[in-house]
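Listed here are the chains, written in short residue letters.
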Amino acid sequence: MLETLSRGFRNARLKLQGKAELSEESVSDALRDVRVSLIEADVELDVVKAFLARVKERTLGKVVQIKAPKGFQVGPADYFIKACYDELEELMGPADARLDLEGKPTLIMMVGLQGSGKTTTAGKLARHLQKAGKKPLLVAADIYRPAAVDQLVTIGRKLNVPVFSIKGMNPVQLCTAAVTQARNIGRDVVIFDTAGRLAIDETLMAELDEIKAKTNPQNVLFVCDAMIGQDAVRTAAEFDRRLAFTGFVLTKFDGDARGGAALSIKHVTGKPVMFLGMGEGLDKLEEFRPAGLASRILGFGDVVGLMKDFEQVVDKEKAEKDAVKMLKGDFTFDDFAQQLKMIKSMGSLKDVMSKLPMMDELMSQVPAEALDDYELVKVEAMIQSMTNQERHNPDKLNDSRMKRIAKGSGRTFAEVKDLYERFKMTRQMMKQVGTMSGMFGNLKQAKQMQRQMAQMAQAGGMGGGMGMGMGGGMGGEGGAPALPAFTKEDLAARRAKTKDARKARKKQRK
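Residues numbered from 1 in each chain as written. Predicted model: local features only at pLDDT ≥ 70, side-chain atom pairs only at ≥ 80, totals over all residues. Heavy atoms only, no water.

## A look at the pattern of salt bridges
Across all of its chains, the model carries 18 salt bridges by this definition. The shortest N-O distance in the salt bridge between R32 and D29 comes to 2.8 Å. Of this pair, R32 and D29 both sit in helix α2 (residues 24–40), separated by three residues, roughly a single helical turn. Judged by relative accessible area, R32 falls into the partly exposed class, the value being 44%. (Salt bridge = Lys/Arg side-chain N within 4 Å of Asp/Glu carboxyl O. Helix = DSSP H or I, 4+ residues; strand = E, 2+ residues; numbered from the N terminus. Buried < 20%, exposed > 50% of the residue type's maximum accessible area, 1.4 Å probe, protein only.)

Here it is as structure tokens:
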């Protein structure tokens with residue numbers, strides 16, 4: 001969803017590559033691409049102007065200090081991108097995702113327009129607080145929208161969280177009574193799911209004003225649909241004027257939103273974005289990190305955010321054991337299937353990949369269908385069509401067995417054979433990685449891996465390659481970038497290179 005924003009910064013970086021200095025002309029030319037992408041992404045015009053002016057001030061007339069480790073080169077283009085990163089982080093932050101939980105009970109009031117995702121977000125927030133050891137109570141204060149109460153009750157049942165609702169009671173009385181009920185049953189957080197409208201009107205705002213005045217909540221969160229662009233900023237400004245809320249929750253951030261609201265909303269209202277809604281699942285609520293989003297916009301991924309997702313879906317001890325096993329080249333299709341499930345539970349394949357470093361250019365080269373989550377489903381179907389013996393001993397597969405697997409999974413023989421070949425190559429590659437001193441020797445080697453990943457993706461399916469590559473790479477605690485499937489020639493060349501390096505070290509010791 002950040003492609004519109006990322007494109008302008010990527011083009012600006014390319015224009016500055018090879019430049020010896022950041023002149024007025026070169027910086028203005030680069031900023032032109034950034035300006036276009038910001039406007040296309042629905043960033044508010046005053047925010048665009050202020051952002052561009054600050055980046056220009058940071059970069060013009062500055063001496064670029066080239067200080068970098070051996071093997072890396074830093075030039076004017078990198079200095080320009082660093083200035084953009086600093087300004088993006090400042091524009092969206094500082095953010096404090098911590099709610100005020102000092103109350104007994106703590107009260108959280110969810111407000112926003114109808115259709116923004118308040119009810120689902122109330123459930124996600126309850127789940128988030130459950131993980132933190134809290135005991136939330138949901139309050140169905142949206143009595144006007146058809147089935148709103150039933151929706152919240154269903155969510156509460158899934159989470160094993162009580163939902164307070166009294167038929168026929170008006171929302172103000174309901175919220176007041178809910179606070180008393182929470183004290184009586186030992187609930188330490190109360191979440192009000194208030195009503196919304198298709199547009200702001202006086203009746204709605206008066207009701208919300210009264211609920212706030214009667215209950216005095218410590219937290220008032222404005223739930224905002226990231227897909228409505230600049231309208232989100234205008235709506236937020238009006239809600240803030242009437243209710244003085246404490247922070248935002250941006251929903252549908254994994255959809256077709258252009259991302260402009262994330263850049264504009266903090267600047268215009270002065271209130272922080274606290275959470276991002278990244279999917280329909282009740283555990284898909286992320287604490288907002290300006291540094292992580294700025295890094296993703298600029299195409300550098302968000303490894304910290306990725307590892308937080310990873311930690312939520314995997315057992316640390318098991319991950320460490322799996323990592324050791326895989327780096328010995330000793331893993332099976334059963335291990336692979338478990339990792340596919342882990343990747344799917346972390347979110348969509350496209351979203352997971354967008355958090356990996358150096359993936360912006362790859363994402364633009366890979367066909368959309370190659371990033372379809374259905375690719376993982378196809379691979380799972382082929383593995384499930386194998387016998388237990390075949391899954392535990394992949395080397396037993398032959399043409400006859402693969403034809404049977406293809407028939408059982410509804411795939412073609414060529415697809416099964418391709419999966420098997422890539423599995424073998426990746427297993428060899430993982431074994432070799434286990435003998436290397438580091439996952440990536442230098443930047444040149446990382447770039448080479450990136451190019452080979454692009455070739456593999458275009459040739460036949462990120463589903464299998466990403467599953468094996470990323471599943472193995474992320475097995476350890478450090479969360480290494482995804483590993484591609486390599487050809488036999490690549491492996492032979494690497495073995496020869498490793499062998500030569502050993503000989504050179506022996507010669508030096510003598």
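## So, the sheet that holds strand β8 (residues 285–287)
Pairing is mixed across the open sheet formed by eight strands, whose spatial order is β3-β2-β4-β1-β5-β6-β7-β8. Whereas interior strands pair on both sides, the edge strands pair on one side only; in this sheet they are β3 (163–164) and β8. Bridge count for strand β2 (residues 136–140) against β3 is two bridges, and the pairing is parallel. Considered in β3, the bridge of V139 is made with F164. (Pairing = 2+ DSSP bridges.)

## Some words on the side chain of D193
Within the secondary structure, D193 is located in strand β4 (residues 189–193). The buried charged residue D193 lacks any salt bridge, with R145 as its nearest oppositely charged partner at 5.3 Å. For D193, the side chain forms a polar contact with the side chain of T119, separated by 2.8 Å. In this structure D193 touches K118, T119, A122, V139, A140, A141, D142 and L152, once residues within four positions along its chain are discounted. (Lys, Arg positive; Asp, Glu negative; His and termini not counted. Polar contact = N/O pair within 3.5 Å; in protein donor to acceptor, adjacent residues only side chain to side chain. Contact = heavy atoms within 4.5 Å.)

## Digging into the pairing of strand β1 (residues 106–111)
For β1, the buried fraction is high: six of the six residues fall into the buried class. Inspection of the sheet shows β1 paired to β4 by five bridges, in the parallel sense. When the sheet's bridge partners are listed, M109 is paired in β4 with F192. For β1 and strand β5 (residues 219–225), the ladder comprises four bridges, and the chain directions are parallel. Bridge assignment links V111 to a residue of β5, and that residue is F222.

## Overview of helix α1 (residues 3–16)
The periodicity of an α-helix, 3.6 residues per turn, causes residues three or four positions apart to be oriented the same way. For α1, which comprises 14 residues, the first-to-last C-alpha distance of 20 Å matches the rise-based estimate of 20 Å (1.5 Å per residue) to within 8%. When α1 is considered as a whole, its buried residues turn out to be T4, L5, S6, G8, F9, R10, A12, R13 and L16. (Expected span 1.5 Å × (residues − 1).)

## Section: the nonpolar core
Core analysis: the largest hydrophobic core is formed by 67 residues, its most contacted members being L38, F80 and F239. Counting residues per element, this core draws most heavily on helix α4 (residues 76–92), which supplies seven residues. Apart from residues no more than four positions distant in its own chain, F239 is found in contact with V111, G112, L113, I200, L204, M205, L208, F222, A244 and F245. Counting residues in hydrophobic clusters, the runner-up holds 22 residues, among them M110, L159, M274 and F275. (Core = buried A, V, L, I, M, F, W, Y, C linked by side-chain atoms within 4.5 Å.)

## Comments concerning the packing of aromatic side chains
Geometry of an aromatic ring pair is reported as the spacing of the ring centres plus the angle between the planes. Under the defined criterion, the tally for this structure stands at six aromatic pairs. A centroid spacing of 6.2 Å and a plane angle of 85° characterise the contact between F9 and F51, whose relative ring orientation is edge-to-face. Linking F9 in helix α1 with F51 in helix α3 (residues 45–59), this pair joins segments that are 42 residues apart in sequence. This pair shows no difference in class: F9 is buried, exactly as F51 is. (Phe/Tyr/Trp six-rings, centres within 6.5 Å; stacked < 30°, edge-to-face > 60°.)

## Concerning the confidence of the model for the protein chain
On average, residues of the protein chain score 75 in pLDDT, and 66% of them reach the 70 mark or higher. Element-level mean pLDDT values for the protein chain span from 41 in helix α22 (residues 462–473) up to 95 in β4. Note that residues 437–447 has pLDDT below 50 and, in this model, 13 contacts with residues that lie over four places away or in other chains. Note on residues 456–488: pLDDT is under 50 here. Beyond four places in sequence and across chains, it has 105 contacts. (pLDDT = per-residue confidence, 0-100.)

## Re the environment of A213
Mapping A213 onto the fold places it in helix α8 (residues 202–215). Considered as a pair, A213 and L243 are 30 residues apart in the sequence and their alpha carbons are 9.8 Å apart.

## Notes on the packing of α4 against helix α11 (residues 290–297)
Their axes nearest at 9 Å, the elements α4 and α11 cross at an angle of 135°. It follows from the interaxial angle that α4 and α11 lie oblique. α4 and α11 meet at a crossing whose hand is right-handed. For the pair formed by α4 and α11, the contact residues are Y85, L88, E89 and M92 on the first element and P290, A291, L293, A294, S295 and I297 on the second. In terms of residue class, the contact of α4 with α11 is built from eight nonpolar, one polar and one charged. (Axes fitted to C-alpha atoms, helices over the stretch in contact; angles between N-to-C directions. Parallel < 35°, antiparallel > 145°, perpendicular 65-115°, else oblique. Left-handed = near helix turned anticlockwise from the far one by under 90°. Nonpolar A, V, L, I, M, F, W, Y, C, P; charged D, E, K, R; others polar.)

## Here's the deal with unusual backbone geometry
In most cases, non-glycine residues show a negative phi, while peptide bonds are predominantly trans. A cis geometry characterises the amide bond from K104 onward to P105, with omega recorded as 0°. Turning to its location among the elements, P105 is positioned in the loop between α4 and β1. For A244, which is not glycine, the phi dihedral falls at a positive 50°. A relative accessible area of 43% places A244 in the partly exposed class.

## As for helix α7 (residues 171–185)
Along its 15 residues, α7 runs 21 Å from first to last C-alpha, staying within 8% of the 21 Å computed at 1.5 Å per residue. For α7, the secondary structure elements touched by its buried residues are β1, β2, β3, β4 and α8. The opening residue of α7, the one whose side-chain oxygen lies 3.0 Å from the backbone nitrogen of V172, is N170.

## So, the side chain of D240
On the secondary structure map, D240 appears in helix α9 (residues 230–243). With a relative accessible area of 15%, D240 lands in the buried category. Reaching out from D240, the side chain makes a polar contact with the side chain of K271 at a distance of 2.6 Å. Ignoring any residue separated from it by four or fewer positions in sequence, one finds D240 in contact with F245, T269 and K271.

## A short note on the pairing of β4
By the criterion of burial, β4 is predominantly enclosed, with five of the five residues buried. Of the two faces of β4, the one holding V189, I191 and D193 and the one holding V190 and F192 are both buried throughout. Sheet analysis places β2 next to β4, joined by five bridges and oriented parallel. Note that in β4 the partner of L138 across the bridge is I191.

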